[in-house]
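Descriptive analysis of the structure
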Amino acid sequence: SGVRVEPNRVINQPDSRVPGSSVYSFIAEDLLFLGRAFGMVMSMYADGRIQEWTRVAPSRVTETLNYNQTEIIGFSVDGSPVPSMGVGSLVVFNGLDEGFLNRAGRTIRAAVALENASETFAKEPVPMMVLKSNGTNLTSERINKLLEAWRVARLNRSTAFLNADVELQAMGIDPAKLQLNEARQYVALELCRAAGLPAWFASAEQTSMTYSNAISERRSLVDFSLRPVLTAIEQRLSMPDFVGAGNEIRYDLDDFLRGNPLERAQVYEILNRIGAMSVAEIREEEDMLL
């Protein structure tokens, strides 16, 4: 009927031992990266609805398939079978795809390789220049004096002069020629595309951001990146083992997507004038004490 109902505690704080944000942040992460998430029922109400549950890491869960390997008929946690319902059973959150790690595995591996290459150059930079003697072997003392003279000379001028006895050779590859920065920027952009994340959220794309288009980008973030995760959680929590028939669970995104104070005031004024919102409802929406 469209009436807003305050949810039971199990919705906002599934596990009484920790804040609800802790549980749902891990559930969202599992859905994003792996395409599925699990919770374990800790207690039940007398009417059969779940009273308390907590998140279970997907790495601890294994599936039991039917004879044809086409249907999941049970689950095990840490190798021990769990009941199909009631205390100890699993709350399964099914994602809308196979998960970011499976969908963008090659891009992630490329990002790791680039990060390792950058770390290697930072820890053990390859010598870029070698002075080679074409004459007799020099003593360590003369070599050190030659290198120190070369270093000091390069601080004073960029042009160098070598006589016939000394030759300059370049070794290794310049990190600038490897284009590590450009490659890392490109991979970051590709990862954003794979996640449906607007690139400027990860600083993978240069853009001039104003308040008005920042609000638009937030809507794009919800629609194209967060919506699959939000939908998976909302629809699972709307099933009969959590809420009564006819009730639905939805995320309240008003604060995240709200406009500036002037825009909100103009909207409230119109809604109040036509009788769609009372002053008390407006104050509640704005988190004002009555």
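Look a little higher up for the structure.
Now for a quick tour of the structure. All values reported here derive from a predicted model rather than from experimental measurement.

**Notes on the layout of surface pockets**
When its volume is computed, the largest pocket comes out at roughly 1,100 Å³. Every residue lining the largest pocket is counted, 30 residues in all, and those nearest its centre are R4, V5, E6, P7 and R250. Counting residues per element, the ones that place at least two in the lining of the largest pocket are helix 1 (9-12), helix 8 (211-237), helix 9 (254-257) and helix 11 (279-285). Each residue belonging to the lining of the largest pocket can be placed in one class, and the counts come to 10 nonpolar, 7 polar and 13 charged.

**A look at the pairing of strand 2 (residues 50-56)**
Of all 7 residues in strand 2, 5 are buried, a share of seventy percent or more. Both strand 1 (residues 36-44) and strand 2 contribute to a ladder of 6 bridges, which runs antiparallel. If you follow M40 over to strand 2, its bridge partner there is T54. Hairpin remark: strand 1 followed by strand 2, antiparallel, with 5 residues in the connecting loop; positive phi at G48, about 95°.

**Topic: the sheet that holds strand 2**
As a general point, the strands of a sheet are linked pairwise by backbone hydrogen bonds and lie either parallel or antiparallel. Pairing is antiparallel in the open sheet, where 3 strands are placed in the order 2-1-6. The sheet terminates laterally at strand 2 and strand 6 (90-94), the two strands that pair on one side only. With strand direction ignored, the average angle separating the axes of adjacent strands in the sheet is 35°.

**Some remarks on the pattern of salt bridges**
For the structure on display, the rule yields 13 salt bridges. In this structure, R55 engages D30 in a salt bridge whose closest nitrogen and oxygen atoms are separated by 3.0 Å. With R55 in strand 2 and D30 in helix 2 (residues 20-34), this pair connects stretches of sequence that are 25 residues apart. With a relative accessible area of 25%, R55 lands in the partly exposed category. Classification of D30 by relative accessible area gives buried; the value is 5%. In this structure, the salt-bridge partner of D78 is R60, at a minimum N-O distance of 2.7 Å. You can see D78 sitting in the loop between strand 4 (72-77) and strand 5 (80-81) and its partner R60 sitting in the loop between strand 2 and strand 3 (61-65), a full 18 residues away along the chain. Judged by relative accessible area, which is 35%, R60 ranks as partly exposed.

**Some thoughts on the packing of aromatic side chains**
Scanning the entire structure with this criterion turns up 5 aromatic pairs. On the basis of an interplanar angle of 65° and a centroid distance of 5.6 Å, the ring pair of F38 and F75 is categorised as edge-to-face. One end of the pair, F38, is in strand 1; the other, F75, is in strand 4, and 37 residues separate them in sequence. Residue F38 is classed as buried on the basis of its relative accessible area, which comes to 1%.

**Some details on helix 2**
The terminal C-alpha atoms of helix 2, which comprises 15 residues, lie 21 Å apart, in line with the 21 Å expected from a rise of 1.5 Å per residue. Along helix 2, the residues classified as buried are G20, V23, Y24, I27, D30 and L31. Taken around the axis of helix 2, the buried residues stretch over an arc of 120°, which confines them to a single face. G35, located one to two residues past helix 2, shows a positive phi value of around 85°.

**Here's the deal with unusual backbone geometry**
A positive phi angle is found at Q69, which is not glycine, with a value near 60°. Secondary-structure assignment places Q69 in the loop between strand 3 and strand 4. Note on Q69: relative accessible area 54%, which makes it exposed. Notably, D78 is not glycine yet its phi reads approximately 55°, a positive angle.

**Let's talk about a negative patch on the surface**
Together, E6, E281, E284 and D287 give the surface a local cluster of negative charge. With respect to the helices, strands and loops of the structure, E6 is situated in the segment before helix 1. Take E6: its relative accessible area is 61%, and that puts it in the exposed class.

**Considering the environment of E285**
Within the element layout of this structure, E285 appears in helix 11. For the pair E285 and D254, spaced 31 residues apart in sequence, the C-alpha separation works out to 8.8 Å.

**Quick word on the sheet that holds strand 5**
Pairing within the open sheet is antiparallel, and its 3 strands lie in the order 3-4-5. Strands at the two margins of the open sheet, each flanked by one partner only, are strand 3 and strand 5. In this structure, strand 4 lies alongside strand 5, joined through 2 bridges in antiparallel fashion. Bridge pairing in strand 5 links V77 to S80.

Reading the values: rules and limits
- Residues numbered from 1 in each chain as written.
- Predicted model: local features only at pLDDT ≥ 70, side-chain atom pairs only at ≥ 80, totals over all residues.
- Heavy atoms only, no water.
- 1 Å grid on protein atoms, 1.4 Å probe; cavity = no way out; pocket = protein on both sides within 12 Å on 5 of 7 lines; lining within 4 Å.
- Points joined across faces, edges and corners; volume = space filled by probe spheres on them.
- Helix = DSSP H or I, 4+ residues; strand = E, 2+ residues; numbered from the N terminus.
- Nonpolar A, V, L, I, M, F, W, Y, C, P; charged D, E, K, R; others polar.
- Buried < 20%, exposed > 50% of the residue type's maximum accessible area, 1.4 Å probe, protein only.
- Pairing = 2+ DSSP bridges.
- Axes fitted to C-alpha atoms, helices over the stretch in contact; angles between N-to-C directions.
- Salt bridge = Lys/Arg side-chain N within 4 Å of Asp/Glu carboxyl O.
- Phe/Tyr/Trp six-rings, centres within 6.5 Å; stacked < 30°, edge-to-face > 60°.
- Expected span 1.5 Å × (residues − 1).
- Arc of directions from axis to C-beta.
- Patch = residues over 30% accessible without salt bridge, like charges linked within 9 Å, V, L, I, M, F, W, Y side chains within 5 Å.
- Areas by Shrake-Rupley, 256 points an atom, 1.4 Å probe, with all protein chains shown as cover.
- Lys, Arg positive; Asp, Glu negative; His and termini not counted.
- Charge placed at Lys NZ, Arg CZ, Asp CG, Glu CD.

Everything listed here is a matter of geometry and, on its own, says nothing about what the molecule does.
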